[in-house]
Amino acid sequence: MGGVNDLLINTEVIEMEFRNFLRMNGLKQHSYIDESAVVNRHWKTIFLFIQGKELNNNSKFFPRTMTMVKRVPGLSKMFVLFSVLEPGAEISQHTGPINGMLRIHIPLIVPVGDCYLDVSGEQIRWKKGQAVIFDDSFSHRATNQTSTHRVVLLISIYNPQLSTLQRQAVVNIESMLYESEISSGWVKNNYRMQNYAT
C-alpha cells in the first residue's frame, strides 16, 4: 500500500502542518457525528475532504499532506480528516453504515497510557509509524484517558475487492445515508459546509 507507506514515512511533515494549522486557526470544530455517541465533547476534527469535496479553507494549510493523501490507491474522498481525541475523550461503541470501505489511521501524536481503539472487543493501541486499518462496520469505540492529545490522520479507502461499479454503489449509498442523517438531525446541521466553506 505505497501511498499509505508514504504517509507513515512522512508523519513528521504531516504533524508539522497540523501544528501550524493549530497555531493559526485553533481547534474549534466538533465531531460530525451524533453527540449521543460522544460521551463528552473532547473529540474534535479538521476535515480535508467531505462527501468528495475538498475543503480548501482547511486543505490549503496542508499542501504536502494533501499531495500524499491524493496518491493513496483506492482513496475515498467521502471523508479525510484529522481526528483529535483530547484528554478525557471517550467515544462510545458505534458502527459505520456500510462495509464497502476500510478506515486507516495514520498516528501523529500518541500519548502514553490509557488510550486505545477497541474494534469488536480487540484493543488496538496507536503507534507512530504503524497504520491502523479496520472495517468500521464492525462495532468500535475509542478512549483517551491521558493528559495529552491523541491525533491521527483518518483516511478511507475502498475495499480492494470491489469493482468500479460496486465502488460507485458504495458512494451512492453513503451519500444517501448522509443526507438522511442531515434531515433527521443525526449529523449536526451546521456541519453541512457552514463551518467548512471553500
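Residues numbered from 1 in each chain as written. Predicted model: local features only at pLDDT ≥ 70, side-chain atom pairs only at ≥ 80, totals over all residues. Heavy atoms only, no water.

1. Description of the overall build of the chain
Part 1 of the argument: A tally of regular secondary structure across the chain gives 5 helices and 10 strands.
Part 2 of the argument: Looking at the chain as a whole, 48% of its 198 residues are labelled buried.
Part 3 of the argument: Considering only residue pairs separated by 6 or more positions, the chain has 78% of its internal contacts joining residues 24 or more positions apart.
Part 4 of the argument: Put simply, the chain shows about 9500 Å² of open surface, and 49% of that area lies on carbon and sulfur atoms. (Helix = DSSP H or I, 4+ residues; strand = E, 2+ residues; numbered from the N terminus. Buried < 20%, exposed > 50% of the residue type's maximum accessible area, 1.4 Å probe, protein only. Contact = heavy atoms within 4.5 Å. Areas by Shrake-Rupley, 256 points an atom, 1.4 Å probe, with all protein chains shown as cover.)

2. Quick look at the pattern of salt bridges
Part 1 of the argument: Counted by the stated rule, this structure contains 6 salt bridges.
Part 2 of the argument: Here Arg19 makes a salt bridge to Glu15, at a shortest N to O gap of 2.9 Å. Of this pair, Arg19 and Glu15 both sit in helix H2 (residues 11-25), separated by 4 residues, roughly a single helical turn.
Part 3 of the argument: Judged by relative accessible area, which is 38%, Arg19 ranks as partly exposed. (Salt bridge = Lys/Arg side-chain N within 4 Å of Asp/Glu carboxyl O.)

3. Structural notes on unusual backbone geometry
Part 1 of the argument: Of note, Gln51 is a non-glycine position whose phi angle comes to about 55°, a positive value.
Part 2 of the argument: As for its position among the elements, Gln51 is in the loop between strand E1 (43-50) and strand E2 (53-54).
Part 3 of the argument: A positive phi angle, close to 50°, is found at Ser120, a residue other than glycine.
Part 4 of the argument: Residue placement: Ser120 occurs in the loop between strand E6 (115-119) and strand E7 (122-124).

4. Things to note about the nonpolar core
Part 1 of the argument: The biggest cluster of nonpolar side chains holds 28 residues, and the ones touching the most others in it are Leu7, Phe82, Leu153 and Ile155.
Part 2 of the argument: For this core, the secondary structure elements donating two or more residues are helix H1 (2-9), H2, E1, helix H4 (63-69), strand E3 (75-85), strand E5 (101-109) and strand E10 (150-158).
Part 3 of the argument: Of the residues forming this core, the biggest block, 5 residues, is contributed by E5. (Core = buried A, V, L, I, M, F, W, Y, C linked by side-chain atoms within 4.5 Å.)

5. Some thoughts on the environment of Asn58
Part 1 of the argument: By secondary structure assignment, the location of Asn58 is in helix H3 (residues 56-59).
Part 2 of the argument: Remark: the alpha-carbon pair of Asn58 and Phe47, spanning 11 residues in sequence, is separated by 6.9 Å.
Part 3 of the argument: Separated by 2.9 Å, the side chain of Asn58 and the backbone oxygen of Phe47 make a polar contact. (Polar contact = N/O pair within 3.5 Å; in protein donor to acceptor, adjacent residues only side chain to side chain.)

6. Describing the sheet that holds E5
Part 1 of the argument: One open sheet accounts for 6 strands, arranged E2-E1-E3-E10-E5-E8; its pairing is antiparallel. Looking along the sheet, the strands with just one partner apiece sit at the ends: E2 and strand E8 (132-134).
Part 2 of the argument: Pairing of E5 with E8 involves 3 bridges; the strand directions are antiparallel. Bridge pairing in E8 places Arg103 opposite Phe134. (Pairing = 2+ DSSP bridges.)

7. Regarding the pairing of E6
Part 1 of the argument: Among the 5 residues that make up E6, 5 are buried, leaving the element largely enclosed by the rest of the structure.
Part 2 of the argument: Both faces of E6 are covered, namely the face carrying Cys115, Leu117 and Val119 and the face carrying Tyr116 and Asp118.
Part 3 of the argument: Across 5 bridges, E6 lies against strand E9 (residues 140-144) in antiparallel orientation. When the sheet's bridge partners are listed, Tyr116 is paired in E9 with Thr143.

8. Some details on the environment of Leu162
Part 1 of the argument: By the element assignment, Leu162 lies in the loop between E10 and helix H5 (164-184).
Part 2 of the argument: Setting aside anything within four residues of it in sequence, one finds Leu162 in contact with Gly100, Arg167 and Val170.

9. Some details on the sheet that holds E6
Part 1 of the argument: Strands sit in the order E4-E9-E6-E7 across an open sheet of 4 strands; the sheet is antiparallel. Edge positions in the sheet fall to strand E4 (89-94) and E7, since each of these pairs with one other strand and no more. For this sheet the average axis-to-axis angle between neighbouring strands, irrespective of direction, equals 20°. (Axes fitted to C-alpha atoms, helices over the stretch in contact; angles between N-to-C directions.)

10. Some remarks on H2
Part 1 of the argument: When the terminal C-alpha atoms of H2 are compared, their 21 Å separation across 15 residues agrees well with the 21 Å that a helix rising 1.5 Å per residue should span.
Part 2 of the argument: Buried within H2 are the following residues: Thr11, Val13, Ile14, Glu15, Glu17, Phe18 and Phe21.
Part 3 of the argument: Looking one or two residues past H2, Gly26 carries a phi angle of roughly 75°, positive in sign. (Expected span 1.5 Å × (residues − 1).)

Geometric descriptors of this kind do not, in isolation, establish any biological role.
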